[in-house]
Amino acid sequence: MSSLSRELVFLILQFLDEEKFKETVHKLEQESGFFFNMKYFEDEVHNGNWEDVEKYLSGFTKVDDNRYSMKIFFEIRKQKYLEALDKHDRSKAVDILVKDLKVFSSFNEELFKEITQLLTLENFRENEQLSKYGDTKSARAIMLVELKKLIEANPLFRDKLQFPNLKNSRLRTLINQSLNWQHQLCKNPRPNPDIKTLFVDHSCGQPNGARAPSPANNPLLGGVVPKPGGFPPLAAHVPFQPMPIPVPTSLASWMSNPPTGPHPAVSGGPLGLGSPPIQAGLKHPRTPPTNHSLDFQPADSDHVSKRTRPLGLSDEVGLPVNVLPLTFPGHAHSQNFNALDDFPKSVSRSLSQGSSPMSMDFHPIQQTLLLVGTNVGDIALWEVSSREKLVQRNFKVWDLSKCTMPLQAGLVKDPGVSVNRVIWSPDGSLFGVAYSRHLVQIYSYHGNDDVRQHLEIDAHVGGVNDLAFSHPHKQLSVITCGDDKLIKVWDASTGTKQYSFEGHEAPVYSVCPHHKENIQFIFSTALDGKIKAWLYDNLGSRVDYDAPGRWCTTMAYSADGTRLFSCGTSKDGESHIVEWNESEGAVKRTYQGFRKRSLGVVQFDTTKNKFLAAGDDFSIKFWDMDNTQLLTSIDADGGLPASPRIRFNKNGTLLAVSANENGIKILANAEGLRLLRTFENLAFDASRASEASKPNVKPMSAAAGGSTGLTDRVSSVVGISMMNGDARNHGDVKPRITEDTNDKSKIWKLTEINEPSQCRSLKLPENLRVTKILRLIYTNSGSAILALGSNAIHLLWKWVRNEHNSHGKATANISPQLWQPSSGILMTNDVTDTNPEESVPCFALSKNDSYVMSASGGKISLFNMMTFKTMTTFMPPPPAATFLAFHPQDNNIIAIGMDDSSIQIYNVRVDEVKSKLKGHSKRITGLAFSHILNVLVSSGADAQLCVWNSVGWEMEKSRFLQMPSGRSPEAPSETRIQFHQDQIHLLVVHETQLAIYDTNKLDCMHQVIFPRKR
C-alpha cells in the first residue's frame, strides 16, 4: 500500500472515531495492521474477552512470529486456562489445554506437562509457582502490565503504537478545501451554494436556482466542524505515556477500574508457569521511592534528629510553600480565631476597571497584586495597596496564522471576546487567560509591570471555559476545558498537548486538579451536571456523578487539600454549596442560605481551611465549613451586582469583589488592613528610620574595607534581575543581561558596556555598626538591598515611592534609606565559637522577601524581614554552611552548601537532612536551582560545576571550568553561579573569567578571560 493510501486509512480511523463507529474503528485497525490501539486492547483484557483479544492481535502478529509474540499468546491463554480452573469448569479448562496451549508443547514439553497436572489439583494455588495468584481482576491487571511491555518490545509493533499527530476532523477539513476549490471553479458561483452530495464534483446551478444554507452554518463549507476529535488511544501521540499509578484510597469508590502499579522490565525470556515477574508494588502500591543511596540520614551529621520547630509552615496543595506566612509586629497566626473578625468584611479599596470583571486572582506570593479579566477580553494587573493599575492589555491574537480556520473566520465576522478565567501559576511566575473563543494565552511575570507573552494555544473549538495549573510528573502543565466537551493538558513550557480527555456529553464548565498520596488527578464538571475524575493516563474517566443543580458547577479544595467542595447553580436559579465525602463519592453536607432563585451563576471560594464564601443576592455570604447554617452576609457598602464575582488572596486577609459600573471592591480583615497599610507606610517608616540615624550617618561604598579580593570586587557591583519564577539563586554575582526577550534564541546574549556614561554609581548611607560588606543582594521586589557585614550584622536599604521614584524601585538616581524596625532590633547571625572575619558568610531570601536565611560561620539563622526578629537557629558547625538556596517549588526545602564540600538537602518543616550530595572536593561556593530543568547546579572552590536532579538528587553531569593557559585549577578560589531568567543558561563567575554555560549539556557558550594580576 502506498504512503498516501496508508495516511488515508489513518484519516478514516480518525473520522470513524469522531462519529462513534467504535466496532468499525477497531475492525479497520486490525485489518489494516497500521495502528495497535492499546486502550482498546487493555479494555478487552480487563473484561476477559479472550476471543476478541486474540482476534485483534492476529491483525498484527501470530504465535510463531518471534519469542515476544509467543509469550504474548502464551500469557493470554494461560490466564484463560487458570480462570476456567478457578471456576472449577474442568471441561472448559481441558478444551483450552487441547486447543490453545498444546501448540506450546513443541517449544517446552515439560511446561506443558506441568500445566496439564494442574487439572489434578483441587486448587491450582497448591502449585508453588501459583501460590500468590489472587483474584481474577488482579491477575488480569498483573498480566496486562507484562503484555504491554512485551508489545512495546516486539519489533512487529514498532511504529504501530502511536497515532499520527492530526488536527481534529482532518478528513472533513480536506473535503471542505476540495469543495471550496470546486466552488471557485464554478462558471456561475453563487454566494450560498447548495451542496447536496459528495459523490460528484460540485457545480453551482443557474442564478435563479434555489438558495442553499449559509456557508457559515454548513459544516462542509468552512463552518464550525461538529464533534471535534479524538478518543484517548488516538491521542497516543502525546509526548510521553505515563506508567499506570495506584489510586488513592479516598478516591477508590469514586473511580472504577483503577490502574495498577509500575511496569517491570520486559522479559522476552522463556515461558513460565507462574505469574509474570511483577514488582511487589503491584499488590501493595506505594509511592515510588527516591534514590535510596541519597535519601538517608547521614551518620556523620549532627543535625539529623527531629524536633518540634517553631515554624508555621504551610502545606497548601498546589501552591508554593513559603517559609513562615507573612506576619507583622505584634500579630501571631492561629487557627483559633473569632470567626466574625477573621474574614475580610471592611471595604478598604475601590478600583475602577473600565469593563466588567469576569474573573480575578491574587498573586500567590505578592498578595496585594490582583489579576483581572473582563467581559471585553481585557486583562489588568493591580497593586491594590496603592490602587495602581500596573498593567492593562486589550485582547489581541498574537499569531493569527497559527489559529484554526474556524477561529480566524469567526474573529473576522465577530471580534468580540470575553475572558472566562484568569489564574496564576503556583509560584506566580506565569499566569493564564482563558477566552470565550478558542484561545488560551499564557504570560510570564517578571515583577512590577513586566509582563511578557509566553504561549498562545488554540485550545478548544468554541469557548475555553476554565483553566488551571498542575504539576503531573514534576512538570508544570496547563489544564483547559471547553465547549467541545474535552479536557486537555498542555506543557506549560512548550505548549505541547500532553493529554486529551473525552467522555463528557456536554460542554465542560470547570476543572479542578489536585493530588492525594502523590496521585495526581483532575475533577471536571459539565453543563449537564456530570462530575468526572481523570488520572493522567488516557484510560478514561473514573467518576460519573451528578452535581446538585445539574448545570454550572465549580469545585475547590480547602487550603490544606483535605476537604472537597462544589458550588453550582441550576437552570432554574437554584444554587447549592456542598461538601463531598471523597471516600464514598457522596454529598457530606449541604449549606443553607441561598436566595431561592439566584439571578445569575453563583461563584464561590474557600479560605483558611475554615470559611466558604459566595456571591449571591447582591451580597457576599459566608459559611463556617463545619456549620451548614449561614454565618453572615455583607453588602460591601452596596453597589454589588446580583451575583458578584469573588476571590480571596492566599492568606484570606483580602477579598476582591466585582461591583457595579465596572468596579472592584477590596475587602480586608484586620490583618489585611495592616498588610495594605504596610505597603502604604513604607515611605514614612523609611523616612523616620533615616531621621533617627542622621547623627551617625556617613557615606560608605558597598565595597568598603579596602580588600581587593574577588568577594569584595564582586559585591560592589551586585545586581539581581527578576527571575522567571525562580525561588532565588542568591549568588553574589547577579548581573542584568538585557536583550529583546521576544527572541528566545538571543535572550541570554551579552550586552557590551563601552562608555562610562552607561554606568552610574551610588554610595549607600550607613552608620558605624558595619565597616565591611561581605555579601549583598537585591530583594525579589527590586525595591531594596540587603547586605551582610563582616561582623555578622545585616543592613537593609529601601527605596521609597515618591514623585522622584514613582515605582519605588532600586535606582542609582536616588539614594535609598537605611531601614530598621522601630524596636531597634538588628538581624545578627550566630557567631558562637567562630570568628566572623574569617568565616564564609551566606544568605538567601524567601520568595516574598519576608524572611532571610543566613549564616556567618555559626548556626544558620532565620530572620523575619519585617521585624528583624530571629525566628530560629539550626545546624551548628562543623561543618559550617557556605551557601544557601531555597527550592523553587517548596521553600521548606533548602540546599545548604558546606565547607566540607558536601551539599545537604534540608527540610525545615521536620528539621531533617533528607539527602547529602557529594561530588566536589572543596567547599561549596554557589548553588542555583532551575525550575524549568528541575535541576540544582552547584559550584565549588575546586572550580567544578555539578548538575543534580532535583527530584531524586542524583548527579547528572559535572565539569571543571575551562582555565586560561598558565592558570592552575588546583588553587582554591570562589566560583559563583546564577541562572538567567530563561532558566537554561548559567552565568559563572571565577577570579579568572566570566562564562555562560548551557546547563543541558554543560557546554561553555561564552567566556571572557580576566588578565592576570601583576
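Residues numbered from 1 in each chain as written. Predicted model: local features only at pLDDT ≥ 70, side-chain atom pairs only at ≥ 80, totals over all residues. Heavy atoms only, no water.

Asker: What should I look at first to understand the overall build of the protein in this one?
Answerer: What the protein contains, in helices and strands, is 14 helices and 50 strands. Burial status across the protein gives 55% buried among its 1014 residues. Intrachain contacts of the protein at a sequence separation of at least 6 include 56% that bridge at least 24 residues. Surface exposure of the protein reaches about 43400 Å², of which carbon and sulfur atoms provide 50%. (Helix = DSSP H or I, 4+ residues; strand = E, 2+ residues; numbered from the N terminus. Buried < 20%, exposed > 50% of the residue type's maximum accessible area, 1.4 Å probe, protein only. Contact = heavy atoms within 4.5 Å. Areas by Shrake-Rupley, 256 points an atom, 1.4 Å probe, with all protein chains shown as cover.)

Asker: How should I be thinking about the sheet that holds strand β22 (residues 604-607) in this particular structure?
Answerer: Whenever strands of a sheet pair, they do so through backbone hydrogen bonds, lying parallel or antiparallel. Within the open sheet, the 4 strands sit side by side as β22-β23-β24-β25. Their pairing is antiparallel. Unpaired on one side and paired on the other, β22 and β25 (630-634) mark the two borders of the sheet. On average, adjacent strands in this sheet sit at an angle of 20° to one another, irrespective of strand direction. As defined by bridge partners, strand β23 (residues 611-616) adjoins strand β24 (residues 619-624) across 6 bridges and the pair is classed as antiparallel. Each bridged residue has a counterpart across the sheet, and for Phe-611 the counterpart in β24 is Asp-624. (Pairing = 2+ DSSP bridges. Axes fitted to C-alpha atoms, helices over the stretch in contact; angles between N-to-C directions.)

Asker: Where do I start with the pairing of strand β18 (residues 552-557) in this structure?
Answerer: Where a strand is regular, its side chains alternate between the two sheet faces. By the criterion of burial, β18 is predominantly enclosed, with 5 of the 6 residues buried. Following β18, the chain reverses through 6 residues before pairing antiparallel with strand β19 (residues 564-569); Gly-561 in that reversal takes a positive phi of roughly 75°.

Asker: I would appreciate a short explanation of the nonpolar core in the present structure.
Answerer: The tendency in soluble globular proteins is for nonpolar side chains to be buried as a group. Of all hydrophobic cores here, the largest spans 40 residues; its most connected members are Phe-36, Phe-41, Leu-57 and Tyr-81. Mapped by element, the contributors of at least two residues to this core are α3 (38-47), α4 (50-57), α5 (67-86), α6 (90-101), α7 (109-117) and α8 (136-153). If you tally residues by element for this core, the top one is α5, at 10 residues. Beyond its immediate stretch of four places on either side in the chain, Phe-36 contacts Phe-41, Tyr-56, Leu-57, Phe-60, Ile-151, Phe-157, Lys-160 and Leu-161. Ranked by size, the runner-up nonpolar core spans 21 residues in total, among them Val-417, Val-422, Val-433 and Val-451. (Core = buried A, V, L, I, M, F, W, Y, C linked by side-chain atoms within 4.5 Å.)

Asker: What exactly am I supposed to notice about a nonpolar patch on the surface here?
Answerer: A surface patch of nonpolar side chains, amounting to about 380 Å² of accessible area, comprises Leu-198, Phe-199 and Val-200. With respect to the helices and strands, Val-200 occurs in the loop between α9 (170-184) and α10 (339-342). Overall, the relative accessible area of 55% leaves Val-200 in the exposed class. (Patch = residues over 30% accessible without salt bridge, like charges linked within 9 Å, V, L, I, M, F, W, Y side chains within 5 Å. Salt bridge = Lys/Arg side-chain N within 4 Å of Asp/Glu carboxyl O.)

Asker: How should I be thinking about the pattern of salt bridges in this particular structure?
Answerer: Any two side chains of opposite charge can pair, given that their charged atoms come close. Across all of its chains, the model carries 28 salt bridges by this definition. A salt bridge links Lys-621 to Asp-616, with the shortest nitrogen-to-oxygen separation between them at 2.8 Å. Among the residues examined, Asp-616 registers a relative accessible area of 0% and is labelled buried. Through salt bridges that share partners, Arg-563, Glu-579, Arg-589 and Asp-626 make up one connected network.

Asker: How do you make sense of α9 when you look at a structure like this?
Answerer: An α-helical turn contains 3.6 residues, so any two residues separated by three or four positions project in the same direction. Its 15 residues give α9 an end-to-end C-alpha distance of 21 Å, which sits within 8% of 21 Å, the value for a rise of 1.5 Å per residue. Buried within α9 are the following residues: Leu-171, Arg-172, Asn-176, Leu-179, Gln-182 and His-183. Viewed along the axis of α9, the buried residues span an arc of 140°, placing them on a single side of the element. Facing away from the buried side of α9 by more than 90 degrees, the exposed set consists of Trp-181 and Gln-184. (Expected span 1.5 Å × (residues − 1). Arc of directions from axis to C-beta.)

Asker: So what exactly am I meant to see when it comes to the sheet that holds strand β45 (residues 944-949) here?
Answerer: With respect to topology, 4 strands assemble into an open sheet ordered β43-β44-β45-β46, the strand pairing being antiparallel. With partners counted over all chains shown, the strands left at the sheet margins are β43 (924-930) and β46 (955-960), one partner each. Between one strand axis and the next, the sheet turns by 15° as a mean value, whatever way the strands run. For β45 and β46, the ladder comprises 5 bridges, and the chain directions are antiparallel. Along β46, the bridge assignment pairs Cys-946 with Ser-958.

Asker: Looking at this structure, I do not really get the environment of Arg-542. What am I missing?
Answerer: Relative to the helices and strands, Arg-542 is located in the loop between β16 (530-535) and β17 (545-546). Arg-542 sits 21 residues away from Phe-521 along the chain, and the two C-alpha atoms are 9.9 Å apart.

Asker: Sorry if this is basic, but what is going on with the pairing of strand β47 (residues 975-979) here?
Answerer: Counting buried positions over the 5 residues of β47 gives 5, a clear majority of the element. A two-sided burial pattern is seen for β47, the buried positions comprising Thr-975, Ile-977 and Phe-979 on one face and Arg-976 and Gln-978 on the other. Counting the residues between successive antiparallel strands, the hairpin from β47 to strand β48 (residues 985-990) contains 5 residues, one of them, Gln-983, with a positive phi of roughly 65°.

Asker: Even after reading the chapter, I still don't get the packing of α5 against α6, so can you show me in this structure?
Answerer: Angle between the axes and distance between the axes: these two values describe a pair of packed helices. Two elements in contact, α5 and α6, have axes separated by 8 Å at closest approach and are oriented at 165°. As judged from the angle between their axes, α5 and α6 are roughly antiparallel. Along this stretch, α5 crosses α6, giving a crossing that reads as left-handed. Residue-level inspection shows Phe-74, Arg-77, Lys-78, Lys-80, Tyr-81, Ala-84 and Leu-85 of α5 in contact with α6, the latter providing Arg-90, Lys-92, Ala-93, Ile-96, Leu-97, Asp-100 and Leu-101. Considering only residue class, the contact of α5 with α6 consists of 8 nonpolar, no polar and 6 charged. (Parallel < 35°, antiparallel > 145°, perpendicular 65-115°, else oblique. Left-handed = near helix turned anticlockwise from the far one by under 90°. Nonpolar A, V, L, I, M, F, W, Y, C, P; charged D, E, K, R; others polar.)

Asker: Is there a simple way to think about unusual backbone geometry in this case?
Answerer: Trans peptide bonds make up the majority, and among non-glycine residues the majority have a negative phi. Across the junction of Pro-877 and Pro-878, the peptide omega takes the value -5°, indicating a cis bond. One can find Pro-878 in the loop between β38 (870-874) and β39 (881-886). In the segment running from Pro-878 into Pro-879, the intervening peptide bond is cis, with an omega of -10°. Considering the arrangement of structural elements, one finds Pro-879 in the loop between β38 and β39. A positive phi angle, close to 75°, is found at Lys-485, a residue other than glycine. Here Lys-485 lies in the loop between β11 (477-482) and β12 (486-491). You will see that Asn-934, though not glycine, has its phi angle at about 55°, which is positive.

Asker: In this structure, what is going on with α6? I would like to understand it.
Answerer: Within the span of α6, buried status applies to Ala-93, Ile-96, Leu-97, Asp-100 and Leu-101. For α6, the buried positions fall inside an angular range of 115° around the axis, keeping them on one side. Turned more than 90 degrees off the buried face of α6, the exposed positions are Ser-91, Val-98 and Lys-99. Where α6 is buried, its residues meet α5 and α7.

Asker: Just to check I follow, could you spell out the packing of helix α1 (residues 3-18) against helix α2 (residues 22-32) for this structure?
Answerer: Two elements in contact, α1 and α2, have axes separated by 8 Å at closest approach and are oriented at 160°. When the interaxial angle is binned, α1 and α2 end up roughly antiparallel. The handedness of the crossing between α1 and α2 comes out as left-handed. Touching Val-9, Ile-12, Leu-13, Leu-16 and Asp-17 of α1 are Lys-22, Thr-24, Val-25, Leu-28, Glu-29 and Ser-32, all from α2. Looking at the contact of α1 with α2, its residues break down into 6 nonpolar, 2 polar and 3 charged.

Asker: Looking at this model, I keep getting lost on the environment of Thr-828. Mind explaining?
Answerer: Inspection of the secondary structure puts Thr-828 in the loop between β34 (817-819) and β35 (842-845). On the accessibility criterion, Thr-828 (35% relative accessible area) is partly exposed. C-alpha separation for the pair Thr-828 and Lys-869, spaced 41 residues apart in sequence, amounts to 9.4 Å. Leaving out residues up to four positions away in the same chain, Thr-828 has contacts with Ala-792, Ile-793, His-794 and Phe-863.

Asker: Teacher, can you tell me more about the packing of aromatic side chains here?
Answerer: Enumeration according to the criterion identifies 26 aromatic pairs in this entry. The positively charged end of Arg-6 is found above the aromatic ring belonging to Phe-34, 4.5 Å away from the centroid. Between Lys-798 and the ring centre of Trp-819, over which it is positioned, the NZ or CZ distance is 3.9 Å. (Phe/Tyr/Trp six-rings, centres within 6.5 Å; stacked < 30°, edge-to-face > 60°. Lys NZ or Arg CZ within 6 Å of the ring centre and 35° of its normal.)

Asker: What exactly am I supposed to notice about the confidence of the model for the protein here?
Answerer: Detailed reading of predicted coordinates is not advised where the pLDDT is low. Overall, the prediction assigns the protein a mean pLDDT of 77, with 77% of residues at 70 or greater. Confidence over residues 207-268 falls short of pLDDT 50; this stretch has 185 contacts with residues more than four positions distant or in other chains. Note on residues 682-748: pLDDT under 50 across the span, and 161 contacts to partners over four residues away in sequence or across chains. (pLDDT = per-residue confidence, 0-100.)

Asker: Looking at this structure, I do not really get the side chain of Arg-976. What am I missing?
Answerer: With respect to the element layout, Arg-976 can be found in strand β47. Among the polar contacts made by the side chain of Arg-976, one reaches the side chain of Glu-974 at a distance of 3.1 Å. (Polar contact = N/O pair within 3.5 Å; in protein donor to acceptor, adjacent residues only side chain to side chain.)

Asker: I keep staring at the side chain of Ser-444 and nothing clicks. Help me out?
Answerer: Mapped onto the elements of the fold, Ser-444 is located in strand β8 (residues 439-445). According to the relative accessible area criterion, Ser-444 is buried, its value standing at 5%. Within polar-contact distance, the side chain of Ser-444 engages the side chain of His-446 at 2.9 Å.

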